[in-house]
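# Chains, contacts and geometry: an overview
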Amino acid sequence: MTTDDRREPTSPADLALTVQRRASDVATDAARRTSLLPDRLADTVDVEVGQTPAEVVYTENKLELLHYEPLTAHQSRVPILVVYALINRPYILDLQPDRSIVRRFLEAGHDVYLIDWHEPSPLDRRLGLADYVCRYIDNCVDVLRERSGRDAVNVLGYCMGGTLSVIYTALWPEKVNALGLLATGLCFEDTGGILEQWGDEDHFDPWALVDAYGNVPGEFLTVGFDVMDPVANNLTKYVGLADRLENEDFVRNFARMERWLSDSVDLAGTVYAEFVEEIYQRNRLCRNELTVDGRHVDVTAIDVPLLQIVGQRDHLVPPTASIPFNDVVGSDDVTTISYPSGHVGLAMSNRAHRDLWPEVAEWFLEQSDRPTLADVFGEGVEEALGVDVETDVTVGDVDEMAVGLGDDRGEIARAVVERDAAALKSFLEDALDVQIRLDSGPAGIAVAVETDDGVVTTTIGNVGEAIRTEVEESIARTDVAAAYDLEELEGIGNTYAGRLRDAGIESVAQLAVADPADVAAAAETGKQLARNWVERARTLVGDVEHGG
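No experiment lies behind these values; they were computed from the predicted model shown.

### Describing the packing of helix α13 (residues 373–385) against helix α14 (residues 421–432)
At a closest axis distance of 10 Å, the pairing of α13 and α14 adopts a crossing angle of 25°. On the basis of their axis angle, the class for α13 and α14 is roughly parallel. Every pair of crossing elements has a handedness; the one defined by α13 and α14 is right-handed. Contacts between α13 and α14 involve Leu373, Ala374, Phe377, Val381 and Leu385 from the former and Ala421, Leu424, Lys425, Leu428 and Leu432 from the latter. Taken together, the residues that form the contact of α13 with α14 break down as 9 nonpolar, no polar and 1 charged.

Laid out in structure tokens, this is it:
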């Protein structure tokens, strides 16, 4: 007959036996767990982090730009750059396969890059916001643009990396397709939590710390984060570990987290002081008063799709330090995901990887699926003529692309043209013997293709703001050019104009996008004179940025 230890004792003797039995059970359980300790300690020593394969595609000073191997047959046309914070190591975003933001993006078909800042040396103490934003991040973005052939890329910034990403996007909005911010501190007007209070200018001078140490020691920052919740960070979690020593997966995950938390890096002194003083103490970013490298960081210039991901239990960067920024930026396409998690849990909890990160990856895909400029023309041409338009941005210079036209009978034409609306339009019109008219409206870009049989108009929606602006500028230039005859350009008389028209260059707009060598051959004149005509045509239509 067994005794149920959970029942209430019925006599003093029964009580004594119950207490003895329970004490024996506790001792036995403690001994069993203690016997597991050597094996579990061994487990914590050899844990691996950052296991997703990647190659370094760019370096500058200590910085390494990682490009991750794809996990899908096809990747999004718009690459994503992950900008990590300058504190700790970035492998928290690739902690283990089932808790890896990097892998969630790769599994969704993204082309993923990540900045690993590494640790600054004493010689780097004077690196400031201008160095990290205007040099390092801008150079990395340009690497992605060149490798992908895209004018703009996606950016995801985490914590301090998100703040740097905001500054970058305000300065170069044309290079950012969509911006995601994860647990990012942006607004500090009595809303930023305990860090804002600690960093209050009445109590703390960041430059004094920099004068004393040069670079800010990583240990200083780690201790600061620990004492934000000393009981949880230094006692409770170890009690929880002792209770779960039998769970090998839990112990290994615990070890990975402890390795990351203790793997601190120093922070360049100047950027630390500037960040604390300008953004925390004076709140200049949120007030739209920040200046970096002599340039106003105009946050109203951020007109790209914006995603804010905030943790409802984030004590480091509370939602009140992030969400008010949505009303400051210039974008009217702002999405906020408020998730029941803390600062680090957003990046590595099981629930976040099950629920949150697939949604974030999908949001970036939706922003990346917008048609390119060539797609706009291609859809219009295909609808009107049944002709396929294929482009290859890896051919030619950075501002050029190869365009091929074909139908079911084979290739019609192929050329390398400049990547702008006027050049594409001119090539398509000449190759297909049609007239193409573009119009911009609320529903998208209307492409009207006129042939001998009539006009077919196709409207392409979901067009990005950069393409819409380029098309509208092209329309304006074409309208200006249409008011002029070739003979009105200095140096072109009736004879030269006739020869140009015979060669298919019938308008000032066509002359503006023509190759000077072709113009010289058509007009039977010298290359220098032809080059002068082309430059005058380009100046006339306001397209002075074309190469000669």
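### Considerations on the sheet that holds strand β6 (residues 112–116)
The sheet built from 8 strands is open, its strands ordered β1-β2-β6-β3-β7-β8-β11-β12 with mixed pairing. With one partner strand each, in any of the chains shown, β1 (54–60) and β12 (334–339) form the two edges of the open sheet. Averaged over all pairs of adjacent strands, the angle between their axes in this sheet comes to 20°, without regard to strand direction. As judged from the 6 bridges shared by strand β7 (residues 153–158) and strand β8 (residues 176–182), these two strands associate in the parallel manner. Along β8, the bridge assignment pairs Asn154 with Ala178. The sheet contacts of helix α12 (residues 350–368) involve β3 (80–83), β7, β8, β11 (306–311) and β12, and relative to β8 the element is tilted by about 160°.

### Digging into a negative patch on the surface
A surface patch of negative charge is lined by Asp430, Asp433, Glu450, Asp452, Asp453 and Glu506. Following the sequence through the fold, Asp452 ends up in the loop between β17 (444–451) and β18 (454–460). By relative accessible area, which is 82% here, Asp452 ends up exposed.

### Quick word on the sheet that holds strand β14 (residues 400–407)
Strands sit in the order β13-β14-β15 across an open sheet of 3 strands; the sheet is antiparallel. Both outer strands of the open sheet, β13 (388–392) and β15 (410–418), are each paired with one neighbouring strand and no more. Between one strand axis and the next, the sheet turns through 20° on average, direction left out of account. Sheet topology places β13 next to β14; 5 bridges connect them, and they run antiparallel. Opposite Val389, over in β14, you have Leu405 as the bridge partner.

Criteria and cut-off values
Residues numbered from 1 in each chain as written. Predicted model: local features only at pLDDT ≥ 70, side-chain atom pairs only at ≥ 80, totals over all residues. Heavy atoms only, no water. Axes fitted to C-alpha atoms, helices over the stretch in contact; angles between N-to-C directions. Helix = DSSP H or I, 4+ residues; strand = E, 2+ residues; numbered from the N terminus. Parallel < 35°, antiparallel > 145°, perpendicular 65-115°, else oblique. Left-handed = near helix turned anticlockwise from the far one by under 90°. Contact = heavy atoms within 4.5 Å. Nonpolar A, V, L, I, M, F, W, Y, C, P; charged D, E, K, R; others polar. Pairing = 2+ DSSP bridges. Patch = residues over 30% accessible without salt bridge, like charges linked within 9 Å, V, L, I, M, F, W, Y side chains within 5 Å. Areas by Shrake-Rupley, 256 points an atom, 1.4 Å probe, with all protein chains shown as cover. Salt bridge = Lys/Arg side-chain N within 4 Å of Asp/Glu carboxyl O. Lys, Arg positive; Asp, Glu negative; His and termini not counted. Charge placed at Lys NZ, Arg CZ, Asp CG, Glu CD. Buried < 20%, exposed > 50% of the residue type's maximum accessible area, 1.4 Å probe, protein only.

This is a description of form; function is not addressed.
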